[in-house]
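Geometric and topological summary
Spelled out, the chains give:
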Amino acid sequence: MEPITLCGLVIVTFGLWVEFEPSIMTVVKTIRNSRIYKELFSQPTAQSPACDGRMPVCFVKSHS
């Protein structure tokens, strides 16, 4: 593409962003506050290990 075409494309893109930014940000805010978005992208809760106690003595002795 010629440089003048790229400059025109940048100008048009910037103009469209300025024109539609409030609408786009409203849609983004609505999506981020939705229950589905929060369920999909929330951090899973830390799981506790299955064996919280100490290792049995016989297990430790046999694998030393």
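Please read these numbers as outputs of a predicted model, since none were measured by experiment. Each chain has its residues counted from 1, following the order in which its sequence is written. Owing to the predicted nature of the model, reporting of local features is limited to residues with pLDDT of at least 70; listing and counting of side-chain atom pairs is limited to 80 or more, with chain, interface and lining totals taken over all residues. To get the side-chain values, take all heavy atoms of the structure and skip hydrogens and water.

Let us look at the overall build of the chain. Numbering goes from the N terminus for both helices and strands, where a helix is a DSSP run of H or I of at least four residues and a strand is a run of E of at least two. Check the secondary structure of the chain and you find 3 helices and 0 strands. The linear arrangement of helices and strands in the chain, starting from the amino end, is α-α-α. Counting every position in the chain, which comprises 64 residues, the buried fraction comes to 0%. Note that accessible areas follow from Shrake-Rupley with a 1.4 Å probe, and for residues the cover is restricted to the protein chains shown. When the accessible surface of the chain is summed, it comes to about 6500 Å², and 67% of that surface belongs to carbon and sulfur atoms. In this scheme, a residue with accessible area under 20% of its type's maximum is buried, one over 50% is exposed, and one in between is partly exposed, where area comes from a 1.4 Å probe on protein chains only.

Turning our eyes to something else, we now look at the packing of aromatic side chains. When the centres of two rings from Phe, Tyr and Trp lie within 6.5 Å, Trp using its six-membered ring, the rings pair. Their planes under 30 degrees apart give stacked, over 60 give edge-to-face, and anything left gives tilted. Considering all chains together, one arrives at 1 aromatic pair under this definition. Considering the side-chain rings of Tyr37 and Phe41, the 4.8 Å spacing of their centres and the 45 degrees angle between planes classify their relative orientation as tilted. Here the residue Tyr37 and the residue Phe41 both occupy positions in helix H2 (residues 35-41), the gap between them amounting to 4 residues, near one helical turn. Accessibility expressed as a relative area gives 58% for Phe41, which makes it exposed.

Moving on: a nonpolar patch on the surface. Candidate patch residues must exceed 30% relative accessible area and have no salt bridge, after which like charges are joined if within 9 Å and Val, Leu, Ile, Met, Phe, Trp or Tyr side chains if within 5 Å. When a carboxyl oxygen of Asp or Glu is within 4 Å of a side-chain nitrogen of Lys or Arg, the pair counts as a salt bridge. The grouping of Val12, Phe14, Leu16, Trp17, Val18, Phe20, Ile24, Met25 and Val28 at the surface amounts to a nonpolar patch, some 840 Å² of accessible area in total. For Trp17, the location among the structural elements is in helix H1 (residues 3-32). Since its relative accessible area comes to 39%, Trp17 is described here as partly exposed.

This brings us to H1. Multiply 1.5 Å by the residue count of a helix minus one, and that product is the helix's expected span. If you check H1, its first and last C-alpha atoms are just 38 Å apart, much less than what 30 residues at 1.5 Å a residue would give, namely 44 Å. A residue's bend is the angle separating two fitted axes: one through the seven residues that end there, the other through the seven that start there. Of all the bends in H1, the greatest, near 60 degrees, is centred on Phe20, and the proline Pro22 appears no more than four residues after it.

Moving on: the confidence of the model for the chain. A score between 0 and 100, pLDDT records how confident the predictor is in each residue. Per-residue confidence for the chain gives a mean pLDDT of 82; residues scoring 70 or more make up 70%. The least confident element of the chain, judged by mean pLDDT, is helix H3 (residues 57-62) at 57; the most confident is H1 at 95.

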